[in-house]
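Structure assessment
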Amino acid sequence: KWSKARFHILSVAVSPRGRRRGIGSALLSEGMIEARARDCAFMDAAVAASNSASLGLFTGFGFEILDPTASSIQVKYILG
């Protein structure tokens, strides 16, 4: 069930040809705009611990890593 307070990101996927071109950042930026428009309190996602590029994307946007020891790392960003 969708919660108005939560904007959960299921996936940010960019093809290998499109990587390192700002596409992932643009997608995440648009998600942030949409989350704010829906008056969400926070955004979150699960990222594979082995996916350093994705973790870098989320932490670069200010997402906090909640459990760095898990194989699937939870990241969270408080909208304000």
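As a reminder, the structure under discussion sits directly above these lines.
For the structure given in this document, a descriptive report is provided here. Note that the structure is a prediction, hence the values are computed from the model and not measured.

With mixed pairing, four strands are arranged side by side in an open sheet as β1-β2-β4-β3. Edge positions in the sheet fall to β1 (6-9) and β3 (64-65), since each has one partner strand and no second. Bridge analysis of β3 against strand β4 (residues 72-78) gives two bridges, and the strand direction is antiparallel. When the sheet's bridge partners are listed, glutamate 64 is paired in β4 with lysine 76. Packing against the sheet, helix α2 (residues 52-60) makes contact with β1, β2 (42-48), β3 and β4, and its axis sits at approximately 160 degrees to β2.

The next point concerns the pattern of salt bridges. Tallied over the entire structure, the rule returns two salt bridges. The closest approach of N and O atoms between aspartate 44 and arginine 6, which form a salt bridge, is 3.0 Å. Taken together, the positions of aspartate 44 in strand β2 and arginine 6 in strand β1 put the pair 38 residues apart, joining distant regions of the chain. Taking relative accessible area as the criterion, arginine 6 reaches 34% and is therefore assigned partly exposed.

What follows deals with the side chain of aspartate 44. Among the residues examined, aspartate 44 registers a relative accessible area of 9% and is labelled buried. A distance of 3.0 Å separates a polar atom in the side chain of aspartate 44 from a polar atom in the side chain of arginine 6. Apart from residues no more than four positions distant in its own chain, aspartate 44 is found in contact with Arg6, Phe7, His8, Ile9, Phe63, Val75 and Lys76.

Conventions adopted
- Residues numbered from 1 in each chain as written.
- Predicted model: local features only at pLDDT ≥ 70, side-chain atom pairs only at ≥ 80, totals over all residues.
- Heavy atoms only, no water.
- Pairing = 2+ DSSP bridges.
- Helix = DSSP H or I, 4+ residues; strand = E, 2+ residues; numbered from the N terminus.
- Contact = heavy atoms within 4.5 Å.
- Axes fitted to C-alpha atoms, helices over the stretch in contact; angles between N-to-C directions.
- Salt bridge = Lys/Arg side-chain N within 4 Å of Asp/Glu carboxyl O.
- Buried < 20%, exposed > 50% of the residue type's maximum accessible area, 1.4 Å probe, protein only.
- Polar contact = N/O pair within 3.5 Å; in protein donor to acceptor, adjacent residues only side chain to side chain.

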